[in-house]
Amino acid sequence: MDPTRAFVKDVKRVVVKVGTAVVTRADGRLALGRLGALCEQLKDLNTRGFEVILVTSGAVGVGRQRLRYRKLLNSSFADLQKPQAELDGKECAAVGQSGLMSLYDALFTQLDVTSSQLLVTDRDFGDINFRMQLCETVKSLLKFHVIPIFNENDAISTRKAPYEDSSGIFWDNDSLAALLALELKADLLILLSDVDGLYDGPPSEPQSKLIHTYIKEKHQGEVTFGDKSRVGRGGMTAKVKAAVYAASAGVPVIITSGYATDNIIKVVQGEHIGTLFHKDAHLWAPVKEVDSRDMAVAARECSRRLQALPSEDRKKILLQVADALETNESLIQEENDADVAAGKKAGYDKALISRLALKPGKISSLAKSVRVLAEMEEPIGRVLARTEVAEGLILEKTSSPLGVLLIVFESRPDALVQIASLAIRSGNGLLLKGGKEAKRSNAVLHKVITESIPETVGSRLIGLVTSREEIPDLLKLDDVIDLVIPRGSNKLVSQIKESTKIPVLGHSDGICHVYVDKSANLDMAKRVVLDAKVDYPAACNAMETLLVHKDLLASGSLNELVGELRTAGITLYGGPKVSTSLKLMETRTFHHEYNSMACTIEIVDDVYAAIDHIHCHGSAHTDCIVTEDHEVAEIFLHQVDSAAVFHNVSTRFCDGARFGLGAEVGISTSRIHARGPVGVEGLLTTRWIMRGNGQVVDGDKGVVYTHKTLPLQA
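Residues numbered from 1 in each chain as written. Predicted model: local features only at pLDDT ≥ 70, side-chain atom pairs only at ≥ 80, totals over all residues. Heavy atoms only, no water.

An unreviewed UniProt entry annotates the chain as Delta-1-pyrroline-5-carboxylate synthase of Papaver atlanticum. Taken from UniProt, the Function (unreviewed entry) comment for the chain reads in full: "P5CS plays a key role in proline biosynthesis, leading to osmoregulation in plants." (UniProt positions renumbered as here; feature names shortened; annotations may be inferred.)

A. The arrangement of the side chain of Glu-664 in detail. Here Glu-664 shows up in the loop between β21 (644-647) and β22 (666-668). There is a polar contact of 2.6 Å between the side chain of Glu-664 and the backbone nitrogen of Gly-656. Sequence-distant contacts of Glu-664, that is, excluding residues within four places in its chain, are made with Gln-418, Leu-422, Arg-487, Asp-655, Gly-656, Pro-677 and Val-678. (Helix = DSSP H or I, 4+ residues; strand = E, 2+ residues; numbered from the N terminus. Polar contact = N/O pair within 3.5 Å; in protein donor to acceptor, adjacent residues only side chain to side chain. Contact = heavy atoms within 4.5 Å.)

B. Summary view of the packing of aromatic side chains. Using the criterion set out here, one finds six aromatic pairs in the structure. With a centroid separation of 6.4 Å and 20° between ring planes, the pair formed by Tyr-515 and Phe-636 is classed as stacked. Taken together, the residues Tyr-515 in strand β15 (residues 512-516) and Phe-636 in helix α26 (residues 630-639) connect sequence positions 121 residues apart. A residue is classified by how much of its surface remains accessible, and Tyr-515, at 0% relative accessible area, is buried. Phe-636 sits in the buried class, given a relative accessible area of 0%. When the ring of Tyr-573 is compared with that of Tyr-594, the centres are 5.6 Å apart and the planes differ by 10°; the resulting orientation is stacked. Here the residue Tyr-573 occupies a position in strand β17 (residues 571-574), and Tyr-594 occupies one in the loop between β18 (585-586) and β19 (598-604), the gap between them amounting to 21 residues. Owing to a relative accessible area of 24%, Tyr-573 belongs among the partly exposed residues under this scheme. (Phe/Tyr/Trp six-rings, centres within 6.5 Å; stacked < 30°, edge-to-face > 60°. Buried < 20%, exposed > 50% of the residue type's maximum accessible area, 1.4 Å probe, protein only.)

C. A look at the environment of Pro-401. Within the secondary structure layout, Pro-401 lies in strand β10 (residues 393-401). Assessed through its relative accessible area of 10%, Pro-401 is described here as buried. With residues up to four places along the chain from it excluded, the contact list for Pro-401 reads Gln-307, Ile-380, Ser-426, Gly-427, Asn-428, Leu-683, Leu-684 and Thr-685.

D. Quick look at the environment of Asp-174. Positionally, Asp-174 belongs in helix α8 (residues 173-183). A residue is classified by how much of its surface remains accessible, and Asp-174, at 2% relative accessible area, is buried. Each C-alpha atom, one on Asp-174 and one on Ala-242, is 5.9 Å from the other, the two residues being 68 residues apart in sequence.

E. Here's a closer look at the pattern of salt bridges. According to the stated counting rule, one finds 29 salt bridges in the structure shown. Of the charged contacts in the structure, one is a salt bridge between Asp-414 and Lys-362, with a shortest N-O distance of 3.6 Å. One end of the pair, Asp-414, is in helix α17 (residues 414-426); the other, Lys-362, is in helix α16 (residues 362-374), with 52 residues separating them in the sequence. Taking relative accessible area as the criterion, Lys-362 reaches 28% and is therefore assigned partly exposed. For Glu-681, the salt bridge goes to Arg-382, with nearest N and O atoms at 2.7 Å. Within this pair, whereas Glu-681 is found in the loop between β23 (676-678) and β24 (684-691), its partner Arg-382 is found in the loop between α16 and β9 (383-390), the two being separated by 299 residues in sequence. Overall, the relative accessible area of 24% leaves Arg-382 in the partly exposed class. (Salt bridge = Lys/Arg side-chain N within 4 Å of Asp/Glu carboxyl O.)

F. Expanded view of the packing of helix α14 (residues 329-345) against helix α18 (residues 439-450). Two elements in contact, α14 and α18, have axes separated by 7 Å at closest approach and are oriented at 160°. Between α14 and α18, the angle is such that the two are roughly antiparallel. Note on element contacts: α18 touches α14 through Lys-439, Arg-440, Ser-441, Val-444, Leu-445 and Val-448, opposite Leu-331, Ile-332, Glu-335, Asn-336, Ala-338 and Asp-339. Of the residues contributing to the contact of α14 with α18, the split by class is six nonpolar, two polar and four charged. (Axes fitted to C-alpha atoms, helices over the stretch in contact; angles between N-to-C directions. Parallel < 35°, antiparallel > 145°, perpendicular 65-115°, else oblique. Nonpolar A, V, L, I, M, F, W, Y, C, P; charged D, E, K, R; others polar.)

G. A look at the sheet that holds strand β11 (residues 404-409). One open sheet holds the four strands; their spatial order is β13-β12-β11-β14, and the pairing between them is parallel. Looking at which strands have only one partner, the edges of the open sheet turn out to be β13 (462-465) and β14 (483-487). Adjacent strand axes in the sheet meet at a mean angle of 20° when their direction is disregarded. Examined bridge by bridge, β11 and β14 share five bridges and lie parallel to one another. Note on β14: the bridge partner recorded for Phe-409 is Arg-487. Set on the sheet, helix α12 (residues 292-308) makes contact with β11, β12 (429-433) and β13; between it and β12 the angle comes to about 140°. (Pairing = 2+ DSSP bridges.)

Given below as structure tokens:
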């Protein structure tokens, strides 16, 4: 079991510490959005019965901002020319504390939560009576679901600098949070930082890796700490000291980012984010941490060896992969059946189970598609353009692999085969991260494919990421990963886009439309609409909304369409214009991907209204018109701004194999750099190659530019 999940199920009392770097922006002003998200999460915990205690910094930062403003108002021009002395921290704390607490009070009041303020100094804890009374007060507040908010009373603290007084009981709000967690017998301490957790080096450096579980004996001498917090007294050094202190005394600690809007909720739900400190960490069986950077670097090195092979040798690798798939079909099917059985037992929905299952004949179909890819024209090094720049100076634009691809996909193990074969054909290195629901299927497919890759290239051409915790590390590697392609839910795609600087290619929704025009052949419309919905409802290119010209309602043709859909077992929802007429339950939103035997129907006035509806509610994936009016069809085809637009054909045709691409790595609704089904072409970029005989620029005095287009073949 994941160590985080093992203990959070028993968590009742939680101490959350938020630092100055989280509650303030870079300019010193309060980060209202982050504070709002913090308060909303604490309210959620409070509502669910957790006992929540907040330790907050930020008063000094708030006070400094206010005093600087007051000082500016009361300064003459001559005063401003003189060197400005730094403001005293104690006066800043005195001014800022009331402002900070007023904000917390206002935010919690809006959420129907009551909070209270408790200011303490380190010397208070030297009094046993104080400690007993503190526990009683907090116990009473928690009984009434009040959130106690603690802060060190910096305004009257007698300590001159952090750590200077070795007899001090705590030195900053991190150590105060640890002390309170022990005094108040908390079940969990969460320390919020401005980074994702503890790294083995400066977080800003790409080679630094997040430490998911801190083991003192292992990590104490390995970690390199950077500077202290940009605004507070502590920084990561203080957090680790506090975390080690609390964890060794029996309170588990998580250090994670306070910049995310839901990290506190994720922690209490058992998600292993950030860095975990636990007294038993050294006893846990060591899990071999995959070095994400090494994995990506190895994939790049192998891809360069792959690109150096003759075209026939690359083709041979794909043919070997196809043969290996067929040879191991029974083993692959056995592992997939185990995944499907586990998924059903876990209660996964039918759409996910449908995507997960490798149906009979699927392995043979996949092998066939790999062979089709092998027989395609060589994609690498094709000359796309030749130009004579000047006499004897020839420039060529050639096709080239992108480099290293990271593909994150859910449910569908067949996607692994398509993606891997496309990567081999296009000469790219590849890192794959499949969903846990297909763990066994993905593992056996990866093994079968990589064992078909010769040692001259290296099996590490294709890496399989098996741990969820590795994804944040991989998304940081913008210097060694060139493109991320997520295939899955809207949530997955959105999270990845928000978490990386690496270019992301893909689509978040598959909200596809079929518009039946008034001139449509009704029999054709029935065939197209039914196929678009029924052929594979869980696919991203399945119809989710049926738009129908208003005249078809009056003529009764719409009733025939509805009858066909109901006979096929499709659950129907209506838009505001049609739900009453057809006695359908009205849909809550048009922006919904059912991924099941359900769809929405709506009436539109004409083709222009259909186009407007698609642009307003669609996802720019695949949209279709059924009409016999050529002029109306051309209007639709040219004005609908989607990756694929069809006339009189099912949306299910939007597929790499059906387009003749051999396979697809996904369908992109991006406009850069590939759009629609992404095959080999979408995994290539270009390089410029110039050949000459000693020419130099020399201020362009000796060059006569011709810029003449030449035939592609020399």
